[in-house]
2 protein chains.
Amino acid sequence: MTAAEASTGPAPGRPRDREIDRRILAAATRLFGRVGWSGFTFEAVAREAGVGKPSLYLRWQTKEQLLSAALAAGIADIRDIDTGELRGDLRELGRQLSVLRLGPERRAVERMGLEAREIPGVAERWDHLRESQVHAARAMVHRAIDRGELPARTSVTLFLDTFIGAITMHATSTPERLKPEVAAKIDTYVEDLIGFLLGALTAQS
Amino acid sequence: MTAAEASTGPAPGRPRDREIDRRILAAATRLFGRVGWSGFTFEAVAREAGVGKPSLYLRWQTKEQLLSAALAAGIADIRDIDTGELRGDLRELGRQLSVLRLGPERRAVERMGLEAREIPGVAERWDHLRESQVHAARAMVHRAIDRGELPARTSVTLFLDTFIGAITMHATSTPERLKPEVAAKIDTYVEDLIGFLLGALTAQS
């Protein structure tokens, strides 16, 4: 416990508890990314977080619940994106995708794609999260078509596959040692990609 | 040993050995996709392939060598693609990428992306393979620019990130139960994607 935590004490909103929650969930994400489900135990998460096991048992009953909570905390919800215009929406979506693939959660996200289906109670949450993200992204493109920013005959599937696929490919194909450099320049990449796709689509109309 | 194998006997070219090689390498790929490096042992590969351990030791000295051989055998080399025109090249590249992401090697490929860096002697071969594939794909687009099939100012990086990224995204985001259906329609998807990107790029010029 840090001095700041010790001096806070129990209070409405319990900031000390929230800080411990946050620390445990970040440790759970890190550990899962490194060792996967086969090495994911309450004991290992407690050690990674530097807290006692009782702190974990107080909060979560099963390791499936703990991992689900860690994922929910670590992954931004793209349903919240709605800037009122397509370029703004794509910039924000691109930023969130880059964080997911280049940020501290990247290995957990990659591993989840591979292992989710084998983890009972997590597979369903992961599928649900993916589906709601896809649904939100499709709604974003449909709004742009309704506003006349994209031609009516734009293929929503191809537009999103190319946009999301390019950012994912760009980030995951970067060797580990170059990721910080790519992350620093990602805004420029996303801007160029938006120009490439939108310039192309509107020229066709 | 099957009756066919038993009747073949040792002969020039040793077809019986090649069949056993093929069976072991396919089993190694399947096993690695399922359990990853932590469960990848000579014993487990021998069991998966239905051969004795000596058959493996005769051929490979270390499990790193065995896994490298399995990858080399399972992954098509895109350096061989050169149909003389961009659409033909993209069709073939798209087909190879789809097989990689929807075919029997898909889980091994996904897992390799995640675990390669932790496997000594495999990380380097995997990086080398990836780099030579990227190099070959870039050369393909440059040839198209030289032939005047694409505008000279086409961004090779964005073109390939969108093309390769879209196919990868389309294949990997499909739930397991729908993969056969998506695989059956992949040629149409690749054709639509080529039309989407080329139609767009040439309209701009």
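Residues numbered from 1 in each chain as written. Chains lettered and ligands numbered in written order. Predicted model: local features only at pLDDT ≥ 70, side-chain atom pairs only at ≥ 80, totals over all residues. Heavy atoms only, no water.

When chain B is fitted to chain A, the residual RMSD is 0.0 Å, and the transformation amounts to a turn of 180° plus an axial shift of 0.0 Å. The superposition operator between the copies reduces to a two-fold rotation axis. For chain B, the residue whose C-alpha comes nearest the rotation axis is Gly165 of chain B, separated from it by 2.0 Å. Most of the interface of chain B is mirrored in chain A, where 100% of its interface residues are also at the interface. (Least-squares fit on C-alpha atoms with pLDDT ≥ 70 in both. Contact = heavy atoms within 4.5 Å.)

Moving on to the nonpolar core. Nonpolar side chains in soluble globular proteins tend to end up buried together. Ranked by internal contacts, the top residues of the largest apolar core, which has 68 residues, are Phe163 of chain A together with Phe163 of chain B. Those elements giving two or more residues to this core turn out to be α6 (86–102), α8 (123–146), α9 (156–172) and α11 (186–204) of chain A together with α6 (86–102), α8 (123–146), α9 (156–172) and α11 (186–204) of chain B. If we ignore the near neighbours within four places in the chain, the residues touching Phe163 of chain A are Leu90, Leu93, Gly94, Val190, Leu193, Ile194 and Leu197 of chain A. (Core = buried A, V, L, I, M, F, W, Y, C linked by side-chain atoms within 4.5 Å. Buried < 20%, exposed > 50% of the residue type's maximum accessible area, 1.4 Å probe, protein only. Helix = DSSP H or I, 4+ residues; strand = E, 2+ residues; numbered from the N terminus.)

Glancing now at the interface of chain B and chain A. Each partner contributes to the interface: chain B provides 31 residues, whereas chain A provides 31 residues. Surface buried jointly by chain B and chain A totals about 2,900 Å² across both partners, of which 63% is contributed by carbon and sulfur atoms. Broken down residue by residue, the surface that chain B buries against chain A is led by Leu114, Leu158 and Phe196 of chain B, which jointly contribute 23%. Across the pair Glu115 of chain B and Arg111 of chain A runs a salt bridge whose closest N-O atoms are separated by 4.0 Å. At the boundary of chain B with chain A, the tally comes to four residue pairs in polar contact (both at pLDDT 80 or more). For the side of chain B that touches chain A, the residue count by class is 13 nonpolar, eight polar and ten charged. (Buried area = accessible area lost by both parts, 1.4 Å probe. Salt bridge = Lys/Arg side-chain N within 4 Å of Asp/Glu carboxyl O. Polar contact = N/O pair within 3.5 Å; in protein donor to acceptor, adjacent residues only side chain to side chain. Nonpolar A, V, L, I, M, F, W, Y, C, P; charged D, E, K, R; others polar.)

As a general rule, the predicted coordinates of low-pLDDT regions are not to be interpreted in detail. Within chain A, residue pLDDT values average 85, and 90% of them lie at 70 or more. Across residues 1–12 of chain A, where pLDDT falls below 50, the model places seven contacts with residues more than four positions away in sequence or in other chains. (pLDDT = per-residue confidence, 0-100.)

A separate point is the packing of aromatic side chains. Under the counting rule described, the total for this entry stands at six aromatic pairs over all chains. Consider the rings of Phe42 of chain A and Tyr57 of chain A, whose centres lie 4.7 Å apart with planes at 25°: the pair is stacked. Linking Phe42 of chain A in helix α3 (residues 42–49) with Tyr57 of chain A in helix α4 (residues 53–59), this pair joins segments that are 15 residues apart in sequence. Geometrically, the ring pair formed by Trp37 of chain B and Phe40 of chain B is stacked, given 5.7 Å between the ring centres and 20° between the ring planes. What makes Trp37 of chain B buried here is its relative accessible area of 15%. Look at Phe40 of chain B and you get buried, because its relative accessible area is 0%. Here a set of aromatic residues connected by ring pairs shows up, and it is made of Phe32, Trp37 and Phe40 of chain A. (Phe/Tyr/Trp six-rings, centres within 6.5 Å; stacked < 30°, edge-to-face > 60°.)

This brings us to the side chain of Asp161 of chain B. In this structure, Asp161 of chain B sits in helix α9. In this structure, Asp161 of chain B is buried with no salt-bridge partner, the nearest side chain bearing the opposite charge being Arg138 of chain B at 7.0 Å. Leave out the neighbours within four places in its chain, and Asp161 of chain B touches Gly165, Ala166, Met169, His170 and Tyr189 of chain A together with Ala166 of chain B. (Lys, Arg positive; Asp, Glu negative; His and termini not counted.)

To continue, consider empty space enclosed by the protein. Residue and element names in this part refer to chain B. This structure, assessed with the given rule, holds one cavity of 30 Å³ or more. Of the volumes computed, that of the largest cavity is approximately 40 Å³. Along the walls of the largest cavity sit Thr29, Ala70, Leu71, Gly74, Ile75, Glu105, Ala108 and Val109, which together make up its complete lining. Of all elements in the fold, only α5 (63–74) and α7 (106–115) reach the threshold of two or more residues within the lining of the largest cavity. Looking at the lining of the largest cavity, the element that brings in the most residues is α5, giving three residues. Two domains each provide a minimum of three residues to the lining of the largest cavity, namely domain 1 (14–72) and domain 2 (77–204). (1 Å grid on protein atoms, 1.4 Å probe; cavity = no way out; pocket = protein on both sides within 12 Å on 5 of 7 lines; lining within 4 Å. Points joined across faces, edges and corners; volume = space filled by probe spheres on them. Domains from an automatic or database assignment.)

Here we take up the layout of surface pockets. The method is simple in principle: a probe with the dimensions of a water molecule rolls over the atoms, and the space it marks as empty is what remains. Of the voids in this model, the second largest pocket is the one considered here, and its volume is about 300 Å³. The wall of the second largest pocket is formed by 16 residues, among which Val35, Ser38, Arg111 and Glu115 of chain A together with Arg111 of chain B lie closest to the centre. Considering only residue class, the lining of the second largest pocket consists of five nonpolar, three polar and eight charged.

Attention shifts here to helix α3 (residues 42–49) of chain B. Considered for burial, the residues of α3 of chain B that qualify are Phe42, Ala44, Val45, Ala46 and Ala49 of chain B. Backbone geometry just downstream of α3 of chain B places Gly50 of chain B in the positive-phi region, at approximately 70°.

A few words on the pattern of salt bridges. Residues and elements named next belong to chain A. Going through the model one piece at a time under the given rule, you end up with 27 salt bridges over all chains. A salt bridge links Glu48 to Arg34; the shortest N-O distance between them is 2.8 Å. In this pair, Glu48 sits in helix α3 while Arg34 sits in helix α2 (residues 15–35), placing the two residues 14 residues apart along the sequence.

Once that is clear, we can look at the UniProt feature "DNA-binding region" (unreviewed entry) in chain A. Following the UniProt record, the feature "DNA-binding region" (unreviewed entry) maps to residues 41–60 of chain A here. Counted over residues 41–60 of chain A, helix gives 75% and strand 0%. Its end C-alpha atoms are 12 Å apart. (UniProt positions renumbered as here; feature names shortened; annotations may be inferred.)

All names here are of chain A. Running from N to C, α6 and helix α7 (residues 106–115) cross one another at 85°; their axes reach a closest spacing of 5 Å. In terms of orientation, α6 lies roughly perpendicular with respect to α7. Here α6 contributes Leu100, Arg101 and Leu102 to the contact with α7, which in turn contributes Arg106, Val109 and Glu110. Looking at the contact of α6 with α7, its residues break down into three nonpolar, no polar and three charged. (Axes fitted to C-alpha atoms, helices over the stretch in contact; angles between N-to-C directions. Parallel < 35°, antiparallel > 145°, perpendicular 65-115°, else oblique.)

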